[in-house]
Amino acid sequence: MKLSRLALGLVLSTAIAAPALAADLGKVGISVGSLGNPFFVATIKGIEDKAKGINPKVEVTSVSSDYDLNKQFTQVDNFIAAGTNVLMINAVDPKAIEPAVKKAQAAGMIVAAFDVAAAGADVTVMTDNVKAGTLACQYIVDHLPNKSGEVLIVNGPQVSSVTDRVKGCKEVFAANPGIKILSDDQDAKGSRDGGFAVAQSLLTRFPKVDAIFAINDPTAIGVNLAAKQLGRKEFIITAVDGAPDIEVELKDPTSLIKASSSQDPYVMAGQSLELAAGILNGKKPEQSVILLDPVLITADNIATYKGWTSH
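Given the structure is predicted, the values throughout are model-derived calculations rather than measurements. (Residues numbered from 1 in each chain as written. Predicted model: local features only at pLDDT ≥ 70, side-chain atom pairs only at ≥ 80, totals over all residues. Heavy atoms only, no water.)

**Details of the pattern of salt bridges**
Scanning the model with the defined rule gives twelve salt bridges in all. A salt bridge links aspartate 77 to lysine 103; the shortest N-O distance between them is 2.9 Å. Of this pair, aspartate 77 sits in helix α3 (residues 69-81) while lysine 103 is found in helix α4 (residues 98-106), placing the two residues 26 residues apart along the sequence. When its relative accessible area of 47% is taken as the criterion, lysine 103 is described as partly exposed. Between lysine 189 and aspartate 187 there is a salt bridge, and its shortest N-O distance comes to 3.4 Å. For lysine 189, a relative accessible area of 53% translates into the label exposed. (Salt bridge = Lys/Arg side-chain N within 4 Å of Asp/Glu carboxyl O. Helix = DSSP H or I, 4+ residues; strand = E, 2+ residues; numbered from the N terminus. Buried < 20%, exposed > 50% of the residue type's maximum accessible area, 1.4 Å probe, protein only.)

**Observations regarding the pairing of strand β8 (residues 211-214)**
Remember that side chains alternate between the two faces of the sheet whenever the strand is regular. Residues Ala211 and Phe213 of β8 are buried on one face, and the alternating residues Ile212 and Ala214, pointing to the opposite face, are buried as well. Bridge analysis of strand β6 (residues 149-155) against β8 gives four bridges, and the strand direction is parallel. Its bridge partner lying in β8, leucine 152 is registered against isoleucine 212. Pairing geometry for β8 and strand β9 (residues 236-241), over three bridges, is parallel. Of the residues in β9, the one forming a bridge with alanine 211 is isoleucine 236. The parallel pair β8 and β9, bridged by helix α8 (residues 217-230), forms a crossover whose chirality is right-handed. (Pairing = 2+ DSSP bridges. Right-handed = clockwise from strand over helix to strand, strands pointing away.)

**Remarks on the nonpolar core**
Core analysis: the biggest nonpolar cluster contains 55 residues, and Leu25, Val28, Val86, Met88 and Ile212 have the highest contact counts within it. Counting residues in hydrophobic clusters, the runner-up holds 38 residues, among them Ala104, Tyr139, Val162 and Ala211. (Core = buried A, V, L, I, M, F, W, Y, C linked by side-chain atoms within 4.5 Å.)

**What to know about the state of the cysteines**
Using the criterion set out here, one finds one disulfide in the structure. In this model, cysteine 137 is linked to cysteine 169 through a disulfide, with the two sulfur atoms separated by 2.1 Å. Measuring handedness by torsion sign, the sulfur bridge of cysteine 137 and cysteine 169 sits at about -85° and is left-handed. Here cysteine 137 is found in helix α5 (residues 129-142), whereas its partner cysteine 169 is found in helix α6 (residues 160-174), with 32 residues between them in sequence. Considered together, cysteine 137 and cysteine 169 belong to a single accessibility category, that of buried residues. (Disulfide = S-S within 2.5 Å.)

**Points about the confidence of the model for the chain**
When pLDDT is averaged along the chain, the result is 92; 93% of the residues meet or exceed 70. Residue range residues 1-22 is modelled with pLDDT below 50. Its contacts to residues more than four positions away, or to other chains, number seven contacts. (pLDDT = per-residue confidence, 0-100. Contact = heavy atoms within 4.5 Å.)

**Considering α6**
Taking 1.5 Å of rise per residue, the 15 residues of α6 would be expected to cover 21 Å, and the 20 Å separating its terminal C-alpha atoms lies within 8% of that figure. Listing the buried residues of α6 in full gives Ser160, Ser161, Val162, Arg165, Val166, Gly168, Cys169, Val172 and Phe173. Considering only its buried residues, α6 is in contact with α5, β6, β7 (179-187), β8 and β9. (Expected span 1.5 Å × (residues − 1).)

**A short note on the packing of aromatic side chains**
According to the stated counting rule, one finds two aromatic pairs in the structure shown. Judged by centre distance (5.4 Å) and plane angle (85°), the rings of phenylalanine 39 and phenylalanine 40 are edge-to-face. Residues phenylalanine 39 and phenylalanine 40 agree in their burial class; the two are buried. For the ring pair phenylalanine 39 and tryptophan 308, a centre distance of 5.9 Å and an interplane angle of 75° mean the geometry is edge-to-face. In this pair, phenylalanine 39 is assigned in helix α2 (residues 38-54) and tryptophan 308 in the segment after β12 (295-298), connecting sequence segments 269 residues apart. (Phe/Tyr/Trp six-rings, centres within 6.5 Å; stacked < 30°, edge-to-face > 60°.)

In structure tokens, the structure reads:
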């Protein structure tokens, strides 16, 4: 029996794909920015739960890069040596990570990025961070008299999620000529302690501030603590994450934090793992980059917010 070219191609492609269909999700390696950030703890839980749903015997190892690129390169090498199937990466630098991504793929790994981009990754799932910054900073503009005032952007590690948020924020401020940015380049390390230290410095330097955009919730909480210590309460603070700690702040009328663009780290990272497991078994996703929509939670709508998924 003669096969048409199409049929022959299908037979060959099926034969080639057959070994991949038997691929086992045996080992998953995770490298996140900071294990001290509740956001990343939630991403790890999302990956672990989804992986164990696919293979109850899967080994999941999670490590913290601490935003150190060289450390993350070493972690990838360690995962390669351990025979990891899937590398879940929260890249320190979205472009500079590419050699490590290629090395992992050459070793037979599927590389899935989450929260931030990673050049060359097989799949990426992240929040639309430009929109997250836009929402948080539009709230500031809408709540300033005559849409005018002097504002601070408390920046963070220059990963794509952070730079995208700042980009979205600045686009909003640029569209409103009454807004003056006093500072936008101070790295608070995406942490509560960093937010506290940077805010102490900035608030001492600037005697009058109308609003502050912090790039994530831990930073915002640190800024709020610094403001309280300095007796400053003339401004509002917005952020990004929608974390459990920020829910407490939004319910507290004495807190300066008034809004946060919410993400769902558990769902985001779990979806990235699920797609990676599919690729491992020959199922390529329709899109290699998936953006999830953030939702602005505020002191006004916090009562209806369901919070981060936890299981």
